[in-house]
Amino acid sequence: MSFVFDSRTVNRLYKKLRSSIPIARTELVYSNYFELLIAVMLTAQATDKIVNEVTPSLFKKCPSPKNFILYGEKKLAHLIKRIGLAPTKAKNIILTCQILLKNHNGVIPKTREELVELPGVGRKTANVVLNEAFGIPTIAVDTHVFRVANRTGLAKGKTVLEIEKKLIEVTPDKWKKDAHHYLILHGRYVCKAKNFKCSNCSIKKECQFKNKTK
């Protein structure tokens, strides 16, 4: 048996998450798809909160791929140093901007295959951009989604890709577009890694976690 939940339970779980999370979208602040891509790249091993604190001044200085290239890798690394992994992220962002201009006329590509060819853009980042920017029903699996999927029993697995594939299989089509947002926000604020309280959980009746707290 691949999944713990039957289709009725899965539908009920997502319906309850929708009620508890009425605004299902990223918490990253951006004004266009290019800013979204850069912001998601910056979230690697960092929180949305710290990224949102840095990006207003970043995007003011560098509103386009060309501006980033002109700004330069060294200055960019200094500007984003609070986020962590700044040298690597700065290098990848500059390279990505160069490729966007050379191969895509500065436009963010709409396929996962093209996105993951950009330096610093992995499958998770690509899925976030595809979902948030273009409304494609992908499910990006970060640490929160990975934890919630395993803990609840919605989709158990040992790798991010395994969880993603299981979530795509078990999640009904009508929920796929917002599934990532429901799961990540639930994991971020309710089903946290530590200090989680199941008594405040909207899906506690559906959850298969055995050590539920009061």
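Residues numbered from 1 in each chain as written. Predicted model: local features only at pLDDT ≥ 70, side-chain atom pairs only at ≥ 80, totals over all residues. Heavy atoms only, no water.

Peer 1: Quick question: what am I supposed to make of the packing of aromatic side chains here?
Peer 2: Aromatic ring pairs are defined here through the distance separating the ring centres and the angle between the ring planes. Under the definition given, this model contains five aromatic pairs. Where tyrosine 14 meets tryptophan 175, the ring centres are 5.9 Å apart and the plane angle is 20 degrees; that geometry is what we call stacked. Of this pair, tyrosine 14 sits in helix α1 (residues 7-20) while tryptophan 175 is found in helix α11 (residues 173-189), placing the two residues 161 residues apart along the sequence. For the pair tyrosine 14 and tryptophan 175, one class covers both residues: buried. Ring geometry for phenylalanine 34 versus phenylalanine 68: centroids 5.7 Å apart, planes at 75 degrees, classification edge-to-face. Note that phenylalanine 34 is positioned in helix α2 (residues 33-42) and phenylalanine 68 in helix α4 (residues 65-71), a separation of 34 residues in sequence. Taken together, the ring pairs in this structure connect Tyr14, Trp175 and Tyr182 into an aromatic cluster. Here arginine 151 stacks its cationic end above the ring of phenylalanine 196, 4.0 Å away from the centre of that ring. Above the ring of phenylalanine 209, the side-chain terminus of arginine 151 is found at 5.4 Å from the ring centroid. (Phe/Tyr/Trp six-rings, centres within 6.5 Å; stacked < 30°, edge-to-face > 60°. Helix = DSSP H or I, 4+ residues; strand = E, 2+ residues; numbered from the N terminus. Buried < 20%, exposed > 50% of the residue type's maximum accessible area, 1.4 Å probe, protein only. Lys NZ or Arg CZ within 6 Å of the ring centre and 35° of its normal.)

Peer 1: What is the right way to look at the packing of α2 against helix α3 (residues 48-61) in this model?
Peer 2: The packing of two helices is summarised by the inter-axis angle and the distance between the axes. Contact geometry for α2 and α3: axes closest at 11 Å, N-to-C directions at 140 degrees. Here α2 is positioned oblique relative to α3, judged by the angle of their axes. By crossing handedness, the relation of α2 to α3 is classed as right-handed. Facing Glu35, Ile38, Ala39 and Leu42 of α2, the residues of α3 in contact are Val51, Thr55, Leu58 and Phe59. (Axes fitted to C-alpha atoms, helices over the stretch in contact; angles between N-to-C directions. Parallel < 35°, antiparallel > 145°, perpendicular 65-115°, else oblique. Left-handed = near helix turned anticlockwise from the far one by under 90°. Contact = heavy atoms within 4.5 Å.)

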